[in-house]
Amino acid sequence: MSSRRSRQSGGSSRISDDQIIDLVSKLRQLLPEIRDSRRSDKVPASKVLQETCNYIKNLHKEVDDLSERLSQLLSTIDPDSPEAAIIRSLI
């Protein structure tokens, strides 16, 4: 472990190599494509980070798509109905 990484500099804390390893390991467990592979512990950290970015982008897209579908559904029902209130609370 680098002593430069383990020291605090200028009041801001640095993350240690061990902490990075732990965080990458946690990301491996969260990503379906990596988590479900037999050799998830062999996937390089750079691949884990790239897959994390892709996964987050996909989640954002899914949220946008679902919001759009809810908006479309809302436009087809009575705005004063209890169903409309539920949909508005989801958007």
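Because the structure is predicted, anything quoted here is derived from the model rather than measured. (Residues numbered from 1 in each chain as written. Predicted model: local features only at pLDDT ≥ 70, side-chain atom pairs only at ≥ 80, totals over all residues. Heavy atoms only, no water.)

**With respect to the nonpolar core**
V24, L31, I34, V43 and V48 form the largest nonpolar core, which has 5 residues in total. Residue contacts for I34: discarding those within four places in its chain leaves R28, S40, V43, V48 and E51. (Core = buried A, V, L, I, M, F, W, Y, C linked by side-chain atoms within 4.5 Å. Buried < 20%, exposed > 50% of the residue type's maximum accessible area, 1.4 Å probe, protein only. Contact = heavy atoms within 4.5 Å.)

**Description of the confidence of the model for the protein**
Per-residue pLDDT for the protein has a mean of 85; in total, 87% of the residues score no lower than 70. Per-element confidence in the protein is highest for helix α2 (residues 17-30), whose mean pLDDT is 94, and lowest for helix α1 (residues 3-6), whose mean pLDDT is 46. When the criterion is pLDDT under 50, residues 1-9 qualifies, and its contacts beyond four places in sequence or with other chains add up to 14 contacts. (pLDDT = per-residue confidence, 0-100. Helix = DSSP H or I, 4+ residues; strand = E, 2+ residues; numbered from the N terminus.)

**A word on the pattern of salt bridges**
Under the criterion given, the structure shown has 4 salt bridges. A salt bridge links R35 to D36, with the shortest nitrogen-to-oxygen separation between them at 3.4 Å. Where E51 meets K47, a salt bridge forms, and the shortest distance between an N and an O atom there is 3.1 Å. Here E51 pairs with K47, and both are found in helix α4 (residues 45-74), just 4 residues apart, close to one helical turn. (Salt bridge = Lys/Arg side-chain N within 4 Å of Asp/Glu carboxyl O.)

**Things to note about the environment of L70**
Within the secondary structure, L70 sits in helix α4. When sequence neighbours within four positions are dropped, the list of residues in contact with L70 reads I87, L90 and I91.

**With respect to the packing of α2 against α4**
Viewed as axis vectors pointing N to C, α2 and α4 meet at an angle of 50°, and their least axial separation amounts to 10 Å. By the angle class used here, α2 and α4 are oblique. At the point where α2 passes α4, the crossing takes the left-handed sense. Here α2 contributes V24, L27, R28 and L30 to the contact with α4, which in turn contributes A45, V48, L49, T52 and Y55. When its residues are assigned to classes, the contact of α2 with α4 shows 7 nonpolar, 1 polar and 1 charged. (Axes fitted to C-alpha atoms, helices over the stretch in contact; angles between N-to-C directions. Parallel < 35°, antiparallel > 145°, perpendicular 65-115°, else oblique. Left-handed = near helix turned anticlockwise from the far one by under 90°. Nonpolar A, V, L, I, M, F, W, Y, C, P; charged D, E, K, R; others polar.)

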